[in-house]
Amino acid sequence: MRAAEMVLYSRINYAYRRLKEYMAFKQTWAATHAGVLGGKPVAYFSAEFGIHESMPIYSGGLGVLSGDHVKSASGLGVPLIGIGLFYDQGYFRQHLDNSGFQHEEYLDTKADVLPMEPALSPSGEPVMVEIATRSGRLLAKVWKMLVGRVTLYLLDSDVDGNLPEDRELTSRLYGGDERTRIRQELLLGVGGVRALRQLGICPGVYHLNEGHSAFGPLEVIRERMKFDGLAFHDALREVAQQTVFTTHTPVPAGHDRFHGGLVEEHLGPLRDELGISYEQLMGLGRVEPQNESEPFCMTVVGLKLSRHANAVSSLHGHVSRRMWSHLWPWRVEEEIPIGHITNGVHVPSWLAQQMLQLYDRHFPVNWMRRMGEPEVWQNILSVDPGELWETHNALKNQLIAFVRRRLSRQARRRGESDDVVESLRNVLDPNCLTIGFGRRFATYKRA
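Residues numbered from 1 in each chain as written. Predicted model: local features only at pLDDT ≥ 70, side-chain atom pairs only at ≥ 80, totals over all residues. Heavy atoms only, no water.

Section: the overall build of the protein chain
- Tallying secondary structure elements over the protein chain gives 16 helices and 14 strands in all.
- Each principal axis of the C-alpha atoms in the protein chain carries an extent, and together these give about 65 × 55 × 55 Å.
- Looking at the protein chain as a whole, 43% of its 447 residues are labelled buried.
- Sequence separation of 24 or more characterises 66% of the internal contacts of the protein chain that already satisfy a separation of 6 or more.
- The averaged location of the 52 negative side-chain charges in the protein chain is 4 Å from the averaged location of its 50 positive side-chain charges. (Helix = DSSP H or I, 4+ residues; strand = E, 2+ residues; numbered from the N terminus. Buried < 20%, exposed > 50% of the residue type's maximum accessible area, 1.4 Å probe, protein only. Contact = heavy atoms within 4.5 Å. Lys, Arg positive; Asp, Glu negative; His and termini not counted. Charge placed at Lys NZ, Arg CZ, Asp CG, Glu CD.)

Laid out in structure tokens, this is it:
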């Protein structure tokens, strides 16, 4: 037991020292290429962040992308601040019954055991956000979590002063009805911008990852009107110049839409301060502003309040330009102002230890800091194919062993017979091509 404790202590000490070295390193990519952001960082808004399994505030690709953006920004030294919501029950854990049907299990996440702490204002006071709606005020406290060099702020509505249903507003990711969704998005967008102001952070860029946070620029416009004396349209023009919008889902059903009553209930007080009419506000979220039967779409307002928009792959760019072409009827499809960036990943999060060791043996020193240089990857040609195949098979066997353990445990929990449990300990043939799908099998993902 003592030996095991010493091994653990040594591993913790090693990790701590590597972290200190990482944080102290100043010759980052951004130090050379992104100095302009030093005083005014990027504020990156997302409804979910896939940082680590211990923080179940993500469900799939959108969150994984956000988490990889945050971790990559840390590695590159890019001045970036993450803004999201803290879901204390997170996303559900799946169980399958004897008939193969899914059952959801929500777990309570204890904030006091997570690597975060209450966010404090420059004067040392805990940050508390307040948003007025037509039906009462909405409150949220703010948590602070350090992800390497990047700080992530998470808003949490479970505070005294909120109605019981509002205390549960941020309990689950993508839960509840339309009213719950619009209140979550009000908290993320408007609340996120107000949290930044209380924290003394003045962003140079607002990056909206999907339409969930698209109310945020309206709050920034309100601030510019109040503090800089700008008229609404002048403030909108300037805020849009510093706003980036990333669209994801290439099907109409994947974009949040709200009827006018919900929009007025939750944005009415903000609309009053902006000095615009109900019709003007609804028009910002419509493809056809005068069409009273068209609901308010979060993606539409996100596109209208930004001057830089991107899809997440080349093909998705083509689909998105066609999908939203009606917003710019005077332009041909090729000139629709939605570009595309093919997303990468945060390599240290996704690279298996065995493959990392193989790369370290064959690639130049500090190759991970030079991944954008083609000559670094030329070294892959010197790797013995047998060594690469052996590493691949070792990882595949680890995956199959994990699947077997998980399936047999699930069967035991369902009360299956010993024969069934034993058969599941031998599923999947390591010598067969095995293709897996995570989370869901959506038709638009082009299987």
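Additional details are given in the paragraphs that follow.
Side note on the packing of helix H13 (residues 353–362) against helix H15 (residues 385–413)
- One can describe the packing of H13 onto H15 by two numbers: an axis separation of 10 Å at closest approach and a directional angle of 165°. With respect to H15, the axis of H13 lies roughly antiparallel. As for the relative orientation of H13 and H15, their crossing is right-handed in sense. Where H13 approaches H15, its residues Gln354, Met355, Leu358, Arg361 and His362 are matched on the opposing element by Glu387, Leu388, Thr391, Leu395 and Gln398. (Axes fitted to C-alpha atoms, helices over the stretch in contact; angles between N-to-C directions. Parallel < 35°, antiparallel > 145°, perpendicular 65-115°, else oblique. Left-handed = near helix turned anticlockwise from the far one by under 90°.)

Brief notes about the packing of aromatic side chains
- One pass over the full model with this rule turns up 12 aromatic pairs.
- Geometrically, the ring pair formed by Phe45 and Tyr206 is tilted, given 6.5 Å between the ring centres and 35° between the ring planes. Taken together, the residues span a long stretch of sequence, with Phe45 in strand S1 (residues 42–45) and Tyr206 in strand S9 (residues 205–209) at a distance of 161 residues.
- Under the relative-accessibility criterion, Tyr206 is labelled buried at 8%.
- Every member of this aromatic cluster is reached through a ring pair, and the members are Tyr359, Phe363, Trp367 and Trp377.
- The residue whose ring lies beneath Arg149 is Tyr22, and the NZ or CZ to ring-centre distance is 4.2 Å.
- Of note, Arg369 hangs over the ring of Phe25, and the distance from its end group to the ring centre comes to 4.2 Å. (Phe/Tyr/Trp six-rings, centres within 6.5 Å; stacked < 30°, edge-to-face > 60°. Lys NZ or Arg CZ within 6 Å of the ring centre and 35° of its normal.)

Thoughts on the packing of helix H5 (residues 178–198) against helix H8 (residues 260–274)
- In contact at an axis separation of 10 Å, H5 and H8 are set at 25° when each is read in the N-to-C sense. Taken together, the axes of H5 and H8 are roughly parallel relative to one another. As for the relative orientation of H5 and H8, their crossing is right-handed in sense. Contact residues: H5 offers Glu178, Arg179, Ile182, Arg183, Leu186 and Val190, while H8 offers Leu262, Val263, Glu265, His266, Leu267 and Leu270.
- Class assignment of the residues belonging to the contact of H5 with H8 gives a composition of 7 nonpolar, 1 polar and 4 charged. (Nonpolar A, V, L, I, M, F, W, Y, C, P; charged D, E, K, R; others polar.)

Examining helix H3 (residues 61–76)
- Between its first and last C-alpha, H3 extends 22 Å over 16 residues, near the 22 Å set by a 1.5 Å rise per residue.
- Every buried residue of H3 is listed here: Leu62, Gly63, Leu65, Ser66, Gly67, Asp68, Val70, Lys71, Ala73 and Ser74.
- Immediately beyond the C-terminal end of H3, within one or two residues, lies Gly77, with a positive phi of roughly 80°. (Expected span 1.5 Å × (residues − 1).)

Points about H8
- Along its 15 residues, H8 runs just 17 Å from first to last C-alpha, ending more than 12% under the 21 Å computed at 1.5 Å per residue.
- Taken as a whole, H8 carries its principal kink of about 65° at Leu267; the proline Pro269 stands between one and four residues after it.
- Counting buried residues along H8, 12 of its 15 residues qualify, which places the element largely inside the surrounding structure.
- Within the sequence span of H8, burial applies to Gly260, Leu262, Val263, Glu264, Glu265, His266, Leu267, Gly268, Pro269, Leu270, Arg271 and Leu274.
- Positive phi appears at Gly275, one or two residues downstream of H8, with a value of about 70°. (Bend = angle between axes of the 7 residues up to and from the residue.)

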